[in-house]
Amino acid sequence: MKKGKKLYEGKAKIIYATPDKNLVIQYFKDDATAFNNLKKSNIEGKGVINNRISEHILSNLSQVGIKNHLVKRLNMREQLVKLVDIIPIEFIVRNIATGSLTKRLGIEDGTVLERPLIEYCLKDDKLGDPIISKEHIITFNWLSKAQLDLVDGNLKRLNDFLLGMFRGVGIKLVDFKVEFGFTNESNKSEIILADEISPDTCRLWDSITEKKLDKDRFRKDLGDLIPAYTEVAKRLGILHEQSNVTAVNVTKLSSVKKKK
Ligand code: 5GP
C-alpha cells in the first residue's frame, strides 16, 4: 500500500494517507511521553513491539466480534487501518485501583475493585485530559445515549476478553485506555475501536510478583522498559526469542521476519 501524505502526528503514532480514502497507515514511533508531555524520551524498539502486540490483540478481538480499525500489519512499524473520526474521549476501564484513581479519590493503591470501573476523560492536552461524566458526553453531543451504551457494552466485553487473555499468560490486567471512532465506509457511519492496545495503554502486572510490565516503567523511572514489553510479547506467543531481547535485537528480529 503506497504511503501518502502525513495526516496527523500524535505522541506515539503517525497517520499517513493511502490511495484508498477509507484506509490510512498507522506508524508506531519509539517516542514515549508522560504527564501531559512534560516527560519525553525515545526508546529504541518500543514502536516495533507495540505494533506487534496491538496487531495480536486487535486481530483476536475481531474473532470475538469487537469491531476495530485493524486491516493488517504491513511491516515492523506500520499497520493498515480504517480511517475513523476519533471520538474525543479516552475510555478507561479499571480492575485494580492505581494511578490517577488513587490520587484523585484517595483509594488505596492495589485495591481490587468489586466490578470493573469505567471512566471517561476528555482528550484535550491543553486541559490535561479532565475526567468527565456520561452526562457531559451526552450534553455536548460527543455521543448519543444509545451510542454511549454501545461503547460501554464493548468496553465490558473488551475487559472480559483482555482479562482472560492476560490471566492465561500470568499477567494481571490492572487497567487500560482505549479510543473509538466513527467510520465513514459506504457513507454508513459505525463506531469501532481504534488507536492501539499495548503496554503503552494498559497497566500489566506479573500475576505472582506484581512486577510492572507496562509504561509505568517509564513514568516511574523503573528502567528496563523494552525487556518488560518483550516479556509481554513473549508470553502472548508473539516473540519466541530468549528472554532479554534488547531494542536492537527486536528491530533486527522484525526485519528478519519481514524478509522471510
Ligand atoms: P491513569 O488515569 O491512572 O493515569 O491511567 C489509567 C490507564 O489509562 C492506564 O493504563 C494508562 O496507561 C492509560 N492512559 C490514560 N491516559 C493515557 C494517555 O494519555 N496515554 C496512554 N498511552 N495511556 C493512557
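Residue numbers run consecutively from 1 along every chain, following the written order of its sequence. Local features in this predicted model are restricted to residues whose pLDDT is 70 or higher, and side-chain atom pairs enter the listing and the counts only when it is 80 or higher, whereas totals over whole chains, interfaces and linings include all residues. Heavy atoms throughout the structure, all of them, feed into the side-chain values; hydrogens and water do not.

**Observations regarding the side chain of Asn154**
No. 1: Relative to the elements of secondary structure, Asn154 occurs in helix 4 (residues 145-167).
No. 2: Aside from chain neighbours lying at most four places away, what touches Asn154 is Ile66 and Phe180. Numbering of helices and strands starts at the N terminus; helices are DSSP runs of H or I of at least 4 residues and strands are runs of E of at least 2. Contacts are residue-level and defined by heavy atoms, with any inter-residue pair within 4.5 Å sufficient.

**A short note on unusual backbone geometry**
No. 1: The backbone phi angle of Asp195 is positive, close to 60°, even though this residue is not glycine.
No. 2: When you line up the elements, Asp195 lands in the loop between strand 13 (191-194) and strand 14 (202-206).
No. 3: Of note in the backbone geometry, Asp224 takes a positive phi value of approximately 50° without being a glycine.
No. 4: Looking at the secondary structure, you find Asp224 in the loop between helix 5 (216-219) and helix 6 (225-235).
No. 5: Think of it in three bands: with a 1.4 Å probe and only protein chains considered, a residue is buried below 20% of the maximum accessible area for its type, exposed above 50%, and partly exposed in between. Relative accessible area serves as the criterion here: at 55%, Asp224 is assigned to the exposed category.

**Quick look at a nonpolar patch on the surface**
No. 1: Each patch is built from salt-bridge-free residues with over 30% relative accessible area, joining like charges within 9 Å and nonpolar side chains (Val, Leu, Ile, Met, Phe, Trp, Tyr) within 5 Å. Accessible surface area values rest on a Shrake-Rupley calculation with a 1.4 Å probe, where residue burial reflects the displayed protein chains alone. Salt bridge, as used here, is a side-chain nitrogen of Lys or Arg placed within 4 Å of a carboxyl oxygen of Asp or Glu. Together, Leu7, Tyr8 and Leu83 make up a nonpolar patch on the protein surface, roughly 290 Å² of accessible area in all.
No. 2: For Tyr8, the position within the fold is in strand 1 (residues 6-9).

**Points about the environment of Pro19**
No. 1: Within the fold, Pro19 resides in the loop between strand 2 (13-17) and strand 3 (23-28).
No. 2: On a C-alpha basis, the gap between Pro19 and Gly4 in space is 7.2 Å, while along the polypeptide they are 15 residues apart.
No. 3: Look past the residues within four positions of Pro19 in its chain and what remains in contact with it is Met1 and Lys2.

**Section: helix 6**
No. 1: Taken as a whole, helix 6 has its buried residues at Leu225, Ile226, Ala228, Tyr229, Thr230, Val232 and Ala233.
No. 2: Once helix 6 finishes, Gly237 follows within two positions and takes phi at roughly 80°, a positive value.

**A look at the site of the ligand**
No. 1: In the neighbourhood of the ligand, 15 residues make up the surrounding shell, with Arg94, Ser100, Asp175, Asp200 and Arg219 lying closest.
No. 2: Taking Asp175, its side chain carries an N or O atom lying 2.6 Å from an oxygen atom of the ligand.
No. 3: Throughout this description, a polar contact denotes any pair of N or O atoms lying within 3.5 Å of each other; where both atoms belong to protein, one of them has to be capable of donating a hydrogen while the other can accept it, and for residues adjacent in sequence the pair is counted only when both atoms sit in side chains. Between the ligand and Asp200, the relevant distance is 2.9 Å, taken from a nitrogen atom to a main-chain nitrogen or oxygen of the residue.
No. 4: Secondary structure elements with two or more residues in the shell around the ligand: strand 9 (89-96), strand 12 (171-182) and strand 14.
No. 5: When residues are sorted by character, Ala, Val, Leu, Ile, Met, Phe, Trp, Tyr, Cys and Pro go into the nonpolar class, Asp, Glu, Lys and Arg into the charged class, and all the rest, Gly among them, into the polar class. The residue makeup of the shell around the ligand, split by class, is 3 nonpolar, 4 polar and 8 charged. Here, proximity means that at least one heavy atom of the residue falls within 4 Å of the molecule or strand.

**Remarks on the sheet that holds strand 3**
Across a sheet, strands are paired by hydrogen bonds formed along the backbone, either parallel or antiparallel in direction.
No. 1: What the 5 strands build is an open sheet, ordered 1-2-3-7-6; its pairing is antiparallel. Whereas interior strands pair on both sides, the edge strands pair on one side only; in this sheet they are strand 1 and strand 6 (70-73). On average, each strand axis in the sheet is inclined to that of its neighbour by 25°, with strand direction left out of account.
No. 2: As a rule, the C-alpha atoms of each element are fitted with a line to give its axis, helices using only the stretch in contact, and angles between N-to-C directions run from 0 to 180 degrees. Its contacts with the sheet put helix 1 (residues 46-63) on strand 3, strand 6 and strand 7 (78-82), and the angle it makes with strand 6 is roughly 135°. The pairing criterion for strands is at least two bridges between them, as found by DSSP.

**Observations regarding the domain arrangement of the protein chain**
Frequently, the measure chosen for interface size is the accessible area removed from exposure when the parts meet.
No. 1: Examined at the domain level, the protein chain breaks down into domain 1 (6-84 + 225-248) and domain 2 (87-206).
No. 2: When each unit is reduced to the centre of its C-alpha atoms, the spacing between domain 1 and domain 2 is 18 Å.
No. 3: Between domain 1 and domain 2, the residue contacts involve 28 residues of the former and 29 residues of the latter.
No. 4: Approximately 2,600 Å² of surface area, both sides summed, lies buried where domain 1 meets domain 2, with 59% of it carried by carbon and sulfur atoms.
No. 5: For domain 1, the biggest contributors to the area lost against domain 2 are Ile66, Val84 and Arg235; these three give 23% of the whole.
No. 6: Seen at the junction of domain 1 and domain 2, the total is 7 salt bridges.
No. 7: Here Glu190 and Lys67 are joined by a salt bridge, their closest N and O atoms 2.6 Å apart.
No. 8: Across the domain 1-domain 2 interface, the total number found is 17 residue pairs in polar contact (both at pLDDT 80 or more). Domain delimitation follows an automatic or database domain assignment. The term buried area denotes the loss of accessible surface (1.4 Å probe radius) that occurs when two parts are joined, taken as the sum for both partners.

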